[in-house]
Amino acid sequence: MEILNLISKGLRLSPNIAFKKLWAWAYKNYANSIAKMSDMRASTYSEPSETSEDFPFSYVTIPSDEFLKENAPLIKELSDLFYEHYFNLFGSGWIRVYPGMRAYGIEDYKYSFEENIFDRKKWLQSHLSSNNFKKSQEIYLLIDANYKPIDWQLDFKSGYRWKESIWHKDIQYGHLLGADIRVPWELGRMQHLPYFAYAAACSLRGFEGFRNPTDYYKEFKNQVLCFISSNPPRFGVQWMTAMDVSLRAINWLVAYDLFCELGFSEDKVFRRLFIASLRDHKKFIIDNLEWSSGMRGNHYLLNLAGLLFLTAYLPTNCESTSTLSFVLQELNNEIEYQFLDDGGNFEASSSYHLFACETLMWCVYIINALPEEKTLSLDHYDKKSWQGKKKLLPKSKQRFEIDLATKKILLSETFYSKFKKIIEFSEAILDVNSETAQIGDN
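This report concerns the structure included in the present document. (Residues numbered from 1 in each chain as written. Predicted model: local features only at pLDDT ≥ 70, side-chain atom pairs only at ≥ 80, totals over all residues. Heavy atoms only, no water.)

### Re the environment of Gly-263
Alright, step 1. In this structure, Gly-263 sits in the loop between helix 9 (242-261) and helix 10 (268-287).
Alright, step 2. Judged by its relative accessible area of 48%, Gly-263 is partly exposed.
Alright, step 3. Taking the C-alpha atoms as reference points, Gly-263 and Pro-99, separated by 164 residues in sequence, lie 33 Å from one another. (Helix = DSSP H or I, 4+ residues; strand = E, 2+ residues; numbered from the N terminus. Buried < 20%, exposed > 50% of the residue type's maximum accessible area, 1.4 Å probe, protein only.)

### Regarding the packing of helix 13 (residues 350-369) against helix 15 (residues 413-429)
Alright, step 1. In contact at an axis separation of 10 Å, helix 13 and helix 15 are set at 135 degrees when each is read in the N-to-C sense. Looking at the two axes, helix 13 sits oblique to helix 15. As for the relative orientation of helix 13 and helix 15, their crossing is left-handed in sense. Between helix 13 and helix 15, the contacting residues are Ser-350, His-353, Leu-354, Cys-357, Leu-360, Met-361 and Val-364 on the first element and Phe-415, Phe-419, Ile-422, Ile-423, Phe-425, Ser-426 and Ile-429 on the second.
Alright, step 2. Residues that form the contact of helix 13 with helix 15 fall into these classes: eleven nonpolar, three polar and no charged. (Axes fitted to C-alpha atoms, helices over the stretch in contact; angles between N-to-C directions. Parallel < 35°, antiparallel > 145°, perpendicular 65-115°, else oblique. Left-handed = near helix turned anticlockwise from the far one by under 90°. Contact = heavy atoms within 4.5 Å. Nonpolar A, V, L, I, M, F, W, Y, C, P; charged D, E, K, R; others polar.)

### What to know about the environment of Val-237
Alright, step 1. On the secondary structure map, Val-237 appears in the loop between helix 8 (213-230) and helix 9.
Alright, step 2. Distance from Val-237 to Gly-174, taken between C-alpha atoms, is 13 Å for residues 63 residues apart in sequence.
Alright, step 3. Contact partners of Val-237, with chain neighbours within four places excluded, come to Trp-152, Gln-153, Trp-162, Ile-171, Ile-181, Pro-184 and Trp-185.

### Let's talk about unusual backbone geometry
Alright, step 1. If you check the backbone angles, His-85 has positive phi at about 70 degrees while not being a glycine.
Alright, step 2. Tracing the chain through its elements places His-85 in the loop between helix 3 (65-83) and strand 1 (86-87).
Alright, step 3. Residue His-85 is classed as buried on the basis of its relative accessible area of 4%.

### Regarding the pattern of salt bridges
Alright, step 1. Throughout the structure, instances matching the rule amount to 20 salt bridges.
Alright, step 2. Of the charged contacts in the structure, one is a salt bridge between Arg-161 and Glu-164, with a shortest N-O distance of 2.9 Å.
Alright, step 3. Judged by relative accessible area, Glu-164 falls into the buried class, the value being 2%.
Alright, step 4. For Glu-330, the salt bridge identified is with Lys-390, shortest N-O distance 3.4 Å. With a gap of 60 residues between them, Glu-330 in helix 12 (residues 318-338) and Lys-390 in the loop between helix 14 (372-377) and strand 3 (401-403) connect regions that are remote in the sequence.
Alright, step 5. If you follow the salt bridges from partner to partner, you end up with Lys-76, Asp-80, Glu-84 and Arg-211 in one network. (Salt bridge = Lys/Arg side-chain N within 4 Å of Asp/Glu carboxyl O.)

### What about the packing of aromatic side chains?
Alright, step 1. Inspection of every chain in the model, using the stated rule, returns 33 aromatic pairs.
Alright, step 2. Arranged with centres 5.2 Å apart and planes meeting at 55 degrees, the rings of Phe-55 and Tyr-256 form a pair that is tilted. Highlighted residues: Phe-55 in the loop between helix 2 (15-41) and helix 3 and Tyr-256 in helix 9, separated in sequence by 201 residues. Neither residue differs from the other here; Phe-55 and Tyr-256 are each classed as buried.
Alright, step 3. Aromatic side chains Tyr-160 and Trp-162 sit 4.7 Å apart centroid to centroid with 85 degrees between the ring planes, which places their arrangement in the edge-to-face category. Accessibility assignment for this pair places Tyr-160 and Trp-162 in one class, buried.
Alright, step 4. The ring of Tyr-83 has Arg-211 sitting right over it, with the charged end atom 3.8 Å from the ring centre. (Phe/Tyr/Trp six-rings, centres within 6.5 Å; stacked < 30°, edge-to-face > 60°. Lys NZ or Arg CZ within 6 Å of the ring centre and 35° of its normal.)

As structure tokens, then:
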């Protein structure tokens with residue numbers, strides 16, 4: 001029936017449009033088959049650099065003592081739950097997530113599976129593709145012996161589990177009642193990680209009830225290593241959409257930056273693996289940009305934010321400069337495409353508007369905070385260094401420039417004018433408690 005529907009839609013198009021769509025479909029399938037063959041033959045992990053790599057730049061800071069003290073009870077409660085791997089997603093209630101757990105089920109739908117979780121080597125060998133097993137085991141051996149792993153492929157509400165041995169474009173979802181792929185996606189964004197840094201800061205300030213600050217850093221490290229070892233690049237549900245990969249990279253970077261400010265950054269082995277995985281995240285986003293000449297929205301905006309954060313933190317080189325140029329180019333375009341003249345988001349959703357607004361605010365913040373080294377490099381970026389399918393324009397056709405007096409990046413006047421309206425629109429739909437009416441999708 002699906003083929004018949006496609007044929008029916010094709011017959012309603014003009015011959016020229018139909019041919020272009022058919023060609024694009026054929027080329028996409030051909031490119032996917034080549035990429036899959038490559039990924040099935042060798043490890044998809046990037047090798048850590050043999051030279052010492054570091055994060056030369058910092059963009060976020062630990063909140064003030066006053067803020068930490070005021071929010072210490074909440075920070076303690078949440079960090080304790082996340083430390084023990086309890087998560088509350090989509091109304092699940094606080095549930096501890098681990099391999100072999102039994103889910104409560106969704107209404108009448110409950111899935112179960114058998115897991116050997118006692119021998120981690122056998123578990124990895126049976127779950128991962130053979131070409132990734134060796135590297136995965138090497139990474140997992142760096143995790144503390146008493147650490148209990150998280151199951152990153154599990155919908156812990158229904159109990160259905162996807163497989164980390166399946167290539168990312170072959171994964172199916174929506175075919176089983178009760179199984180919700182958004183649950184592992186949300187978990188894999190790892191938005192809880194910055195709480196460990198906040199908790200460590202509270203502990204260092206002597207607030208009562210907190211663990212040793214080193215424990216929080218170790219848990220951050222263990223969870224990141226657990227994720228990297230259990231989720232080889234381009235395999236499993238955690239490598240399906242560039243938006244989720246972008247959000248995970250941002251949360252990793254923010255949490256690590258906060259820990260570095262607190263003095264936790266001496267583990268060179270972890271740092272090299274961490275940076276190598278971030279490079280894998282960056283490559284995936286570039287190769288899988290969620291751009292379309294037709295409908296596109298906040299997913300693509302998050303792709304740009306992810307690339308901006310990664311480019312801001314990783315060392316400056318020819319490739320990173322072209323990536324930064326592309327992000328600036330596309331932010332100028334997307335603020336016009338995705339927001340209406342009154343500043344409201346075109347998706348007609350109060351929740352998505354605020355989400356997109358926050359994304360833009362972070363992007364503007366990072367752009368303004370970029371060091372001279374990165375801003376001045378934009379004067380001579382190499383267009384050929386950009387590897388994405390969406391075209392990077394030459395410098396002469398760009399709508400951003402460098403203020404030589406301040407060494408800061410200036411986006412187009414249209415960008416700042418629209419950005420001001422977006423913020424005003426956000427203020428207009430928020431009440432005094434910073435809440436908004438539910439309008440549209442969420």
